[in-house]
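Letter by letter, the chains look like this.
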Amino acid sequence: MLNGAAEVISKKDELNRINIFPVADGDTGSNLASLMQAIIDNVSPREYSTKELLEEVASAALIGARGNSGMIFAQYLNAVAESYHHLESTFDGLVEAFQKAVHKAYEALLDPKEGTILSVMKAWSEALAGTYEQERSFQQSLLNAQRVAEQALINTEFQMDILRKNRLVDSGAKGFYYFIAGLTNAYCGGTVSTPNNYVEQETPQEHTHFETSEPIYRYCSEFIKEATISHQTLSEILAPKGDSLVIAGNEKQTKIHIHTNEPQEILSLLSEFGKMTYQKVDDMRLQYEVTKNPRANIAIVTDSIADLPEDFLLEHQVHVLPMNILAGEENFLDKLTVGPTLIQQKLTQQHKMSTAQPTIRTVDALLSFLENKYQHVLVIAVSAKLSGTYQLIKQRIKARDLSSEWIRVIDSKLNSVAQGLLVKQAVELVETGKTFDEVTQKIEQLTAQTFIYVAVADLAPMVESGRIPRILGKLAQKLSLYPIVSLDRNGEGKLIGVSFSQKQSMKKIIKKVAKLQLKELAITHVSSERDAKLWQKELEAKIGGNSYLVDSSAAIAISAGLSSVAVAGIKKEETI
């Protein structure tokens, strides 16, 4: 099993290259590698009974499963474990379990298609059972089943129009083949056979000829919830909300995969049926564009605390790591499964809310996707004094042994729209042809020229979060004072002034900003668009330039509170 997993991971880049179905987002290899890495990480190399081993592998697979093929694979492994649990602990029981699991894998999909991973699973499982019945040798059965699976894989090229047109085998099917080939090799002591196909020797630059279409739905969304509802009921509820629906799992937990435009709505529907323990949302439109029409050879990555217009992020192919937003026992992904309306609702209802850095799996999945798609990667992270995100990314880069010539991380020492302006500058530098060293050096320089001023409308969140000392905060609340908050040179929050109203605070900020020579200006707000637009208009009139206005991230909303408004800018370089 572990050898099979390692074999798939070693073929990740090849599987990404040939990924064109159901969406040409170039991540099937990365998704299957995530599943296999979970198996390697969670299944220790020790003595197991077959039942124990299958259950451990199934549990790990469900944790690591991502994407269509990953979800189907995880359901198959879970079904193998479940079937074997109810059969005799013999080779007969094992090959029967593999065969029975195929039916469960087909059931996991609303619209199962031949020419995919399912076809190779079926061919392999049936050949394994058929050969064992005749030969009574598990080793011979594995060897013969691998040959049958290889032919089934080659046949996938002719089972779907999109694959035939591009002269490709199915990426997920090939991933399954590599798994059983690695498994067979370890068990039988043979070598892994590589099936013939037409893109084996091609480089990543050569696959622009693939004829594909952009995703119908934008987001690949996945959720794990405690299993309190049948797969049939879930299917009926979710089917109208998107496509590529896959429901996998066991009696303890259920994992749902769906392509949709409304991940927030999917989460809301699922929340009615039990606790959610995991969420993942990938932007397939962005992945498709990066794979099909890359704008640059340097990737710009940031986290969701950086406030930028959504259309800018997509147009300029900026990759965003979502922060985790905690509200009581509920968990959300910033800007993906929680937006301004829900934030306002939670804050109005006085739910205790907090933020957490992205998960290790989220960071690793993005790094895996970016490998071999970009010559360089620059990450611009929220201030390390405000979040552990910067350190987490550095740790994962070190753990994966990635070169500093390929990826670098900058502590922006900023947040919100100030961080967003820095990201915007990085994009402009990359798209004007600056080198990786030049972009890195310039962005590090601009951190010192960038500022943010926040006119807080409600002091309570800042006192609760510790961003303002409790004694000072309570005194300010008692006196009905409204603070103006900024960040110091180290990226730590600081109180720079107080007023008797938020309106007065904004007048002070506008007066302060109007004296500066600015390169860029941006404004964000927490459910206060009308007031923010008025102040934006006044600011633009005073500085004689344009700015952008954007909703605040949930992370900023939680720390600054409802109706807060922030102004950020980049000062022009002083000339001698």
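Parameters and conventions
Residues numbered from 1 in each chain as written. Predicted model: local features only at pLDDT ≥ 70, side-chain atom pairs only at ≥ 80, totals over all residues. Heavy atoms only, no water. Pairing = 2+ DSSP bridges. Helix = DSSP H or I, 4+ residues; strand = E, 2+ residues; numbered from the N terminus. Axes fitted to C-alpha atoms, helices over the stretch in contact; angles between N-to-C directions. Contact = heavy atoms within 4.5 Å. Buried < 20%, exposed > 50% of the residue type's maximum accessible area, 1.4 Å probe, protein only. Parallel < 35°, antiparallel > 145°, perpendicular 65-115°, else oblique. Left-handed = near helix turned anticlockwise from the far one by under 90°. Core = buried A, V, L, I, M, F, W, Y, C linked by side-chain atoms within 4.5 Å. Phe/Tyr/Trp six-rings, centres within 6.5 Å; stacked < 30°, edge-to-face > 60°. Right-handed = clockwise from strand over helix to strand, strands pointing away. Patch = residues over 30% accessible without salt bridge, like charges linked within 9 Å, V, L, I, M, F, W, Y side chains within 5 Å. Areas by Shrake-Rupley, 256 points an atom, 1.4 Å probe, with all protein chains shown as cover. Salt bridge = Lys/Arg side-chain N within 4 Å of Asp/Glu carboxyl O. Lys, Arg positive; Asp, Glu negative; His and termini not counted. Charge placed at Lys NZ, Arg CZ, Asp CG, Glu CD. pLDDT = per-residue confidence, 0-100.

(A) Spotlight on the sheet that holds strand E14 (residues 493-499). Sheet architecture is open: 6 strands sit in the order E14-E13-E12-E17-E15-E16, paired in mixed fashion. Of all the strands in the sheet, the pair left with one neighbour each is E14 and strand E16 (548-551). Neighbouring strand axes in the sheet, compared pairwise and without regard to direction, differ in orientation by 20 degrees on average. Alignment of strand E12 (residues 450-455) against strand E13 (residues 482-487), held across 2 bridges, turns out to be antiparallel. When the sheet's bridge partners are listed, Ala455 is paired in E13 with Ile484. Here helix H22 (residues 502-514) sits on the sheet and contacts E12, E13, E14, strand E15 (518-525) and strand E17 (565-571); the angle it forms with E12, its principal contact strand, is near 160 degrees.

(B) Inspection of the sheet that holds strand E8 (residues 330-333) at higher detail. On the basis of which strands lie adjacent, the open sheet formed by 3 strands has the order E8-E7-E9 and antiparallel pairing. In this open sheet, the two edge strands, each paired with only one partner strand, are E8 and strand E9 (353-356). Neighbour to neighbour, the strand axes of the sheet diverge by 25 degrees on average, direction disregarded. Relative to E8, strand E7 (residues 324-327) runs antiparallel, the two being bridged by 4 bridges. In the sheet register, Ala327 faces E8, and the bridge partner there is Glu330. Packed onto the sheet, helix H15 (residues 340-348) meets E7, E8 and E9 and runs at close to 150 degrees relative to E8.

(C) Summary view of helix H13 (residues 284-292). Every buried residue of H13 is accounted for by Met284, Leu286, Gln287, Tyr288, Val290 and Thr291. On its buried side, H13 packs onto strand E1 (219-226), strand E3 (253-260), strand E4 (276-283), helix H14 (310-315), strand E6 (319-321) and helix H16 (360-370).

(D) Summary view of the packing of helix H7 (residues 117-135) against helix H8 (residues 138-155). At a closest axis distance of 8 Å, the pairing of H7 and H8 adopts a crossing angle of 150 degrees. It follows from the interaxial angle that H7 and H8 lie roughly antiparallel. The two elements H7 and H8 cross, and the hand of that crossing is right-handed. Residue-level contacts link Ser119, Val120, Ala123, Trp124, Ala127, Leu128, Thr131 and Tyr132 of H7 to Phe138, Gln140, Ser141, Leu142, Asn144, Ala145, Gln146, Val148, Ala149, Ala152 and Leu153 of H8.

(E) Structural view of the nonpolar core. The biggest cluster of nonpolar side chains holds 70 residues, and the ones touching the most others in it are Phe73, Tyr76, Trp124 and Phe176. Take this core: its biggest share by element is 10 residues, from helix H5 (residues 67-85). Leaving out residues up to four positions away in the same chain, Phe73 has contacts with Leu32, Leu35, Met36, Ile117, Met121, Phe176 and Phe179. Formed by 41 residues, the second largest nonpolar core is a distinct cluster that contains Val382, Leu429, Val430 and Val456.

(F) View of the pairing of strand E2 (residues 243-249). Among the 7 residues in E2, 5 count as buried, and that is most of the element. Summarising the sheet, E2 and E3 pair through 5 bridges and their orientation is antiparallel. Of the residues in E3, the one forming a bridge with Ile247 is Ile256. Hairpin geometry of E2 and E3 is characterised by an intervening segment of 3 residues between the two adjacent antiparallel strands.

(G) Structural detail: the packing of aromatic side chains. Throughout the structure, instances matching the rule amount to 10 aromatic pairs. Look at Phe73 and Phe179: their rings are 5.2 Å apart centre to centre, the planes differ by 90 degrees, and that puts the pair in the edge-to-face class. Taken together, the positions of Phe73 in helix H5 and Phe179 in helix H10 (residues 171-188) put the pair 106 residues apart, joining distant regions of the chain. A relative accessible area of 3% places Phe179 in the buried class. Between the aromatic rings of Phe91 and Tyr132, the centroid separation amounts to 6.1 Å while the plane-to-plane angle is 45 degrees, which identifies the pairing as tilted. Highlighted residues: Phe91 in helix H6 (residues 91-107) and Tyr132 in helix H7, separated in sequence by 41 residues. Residue class for Phe91 comes out partly exposed when judged on its relative accessible area of 37%. Through a chain of ring-to-ring contacts, the aromatic side chains of Phe73, Tyr76, Phe98, Trp124, Phe176 and Phe179 assemble into a single cluster.

(H) A look at unusual backbone geometry. Looking along the chain, the bond that leaves Phe21 and enters Pro22 is cis, with omega of 0 degrees. Along the polypeptide, Pro22 turns up in the loop between helix H2 (12-17) and helix H3 (28-42). Despite not being glycine, Ser244 has its phi angle at roughly 55 degrees, a positive value. For Ser244, the location among the structural elements is in strand E2. Despite not being glycine, Asn372 shows a phi value in the positive range, around 65 degrees. For Asn372, the location among the structural elements is in the loop between H16 and strand E10 (376-381). Judged by its relative accessible area of 48%, Asn372 falls in the partly exposed class.

(I) Highlighting the pairing of E16. Residues Tyr548 and Val550 of E16 are buried on one face, while the alternating residues Leu549 and Asp551, pointing to the opposite face, are not. Taken together, the 4 bridges between E15 and E16 define a ladder with parallel strand orientation. Paired with Thr524 across the strands is Val550, a residue of E16. A crossover links E15 with its parallel partner E16, the connecting element being helix H23 (residues 529-543), and its sense is right-handed.

(J) Main features of the environment of Tyr178. Here Tyr178 is to be found in helix H10. Assessed through its relative accessible area of 0%, Tyr178 is described here as buried.

(K) Quick look at the packing of H22 against H23. Between H22 and H23, the shortest axis-to-axis distance is 10 Å and the interhelical angle comes to 25 degrees. The pairing of H22 with H23 is recorded here as roughly parallel in orientation. By crossing handedness, the relation of H22 to H23 is classed as right-handed. Side by side, H22 and H23 meet where Gln502, Lys503, Met506, Ile510, Val513 and Ala514 of the first sit next to Trp535, Glu538, Leu539, Lys542 and Ile543 of the second.

(L) Main features of a positive patch on the surface. A contiguous patch of positive charge on the surface is contributed by Arg489, Lys494, Lys511, Lys512, Lys515 and Lys571. Turning to its location among the elements, Lys515 is positioned in the loop between H22 and E15.

(M) Structural context of the confidence of the model for the protein. Averaged over all residues, the pLDDT of the protein is 90; the fraction at 70 or higher stands at 93%. Here residues 197-209 is a poorly scored stretch, pLDDT under 50, and it has 25 contacts once near neighbours within four places are set aside; other chains count.

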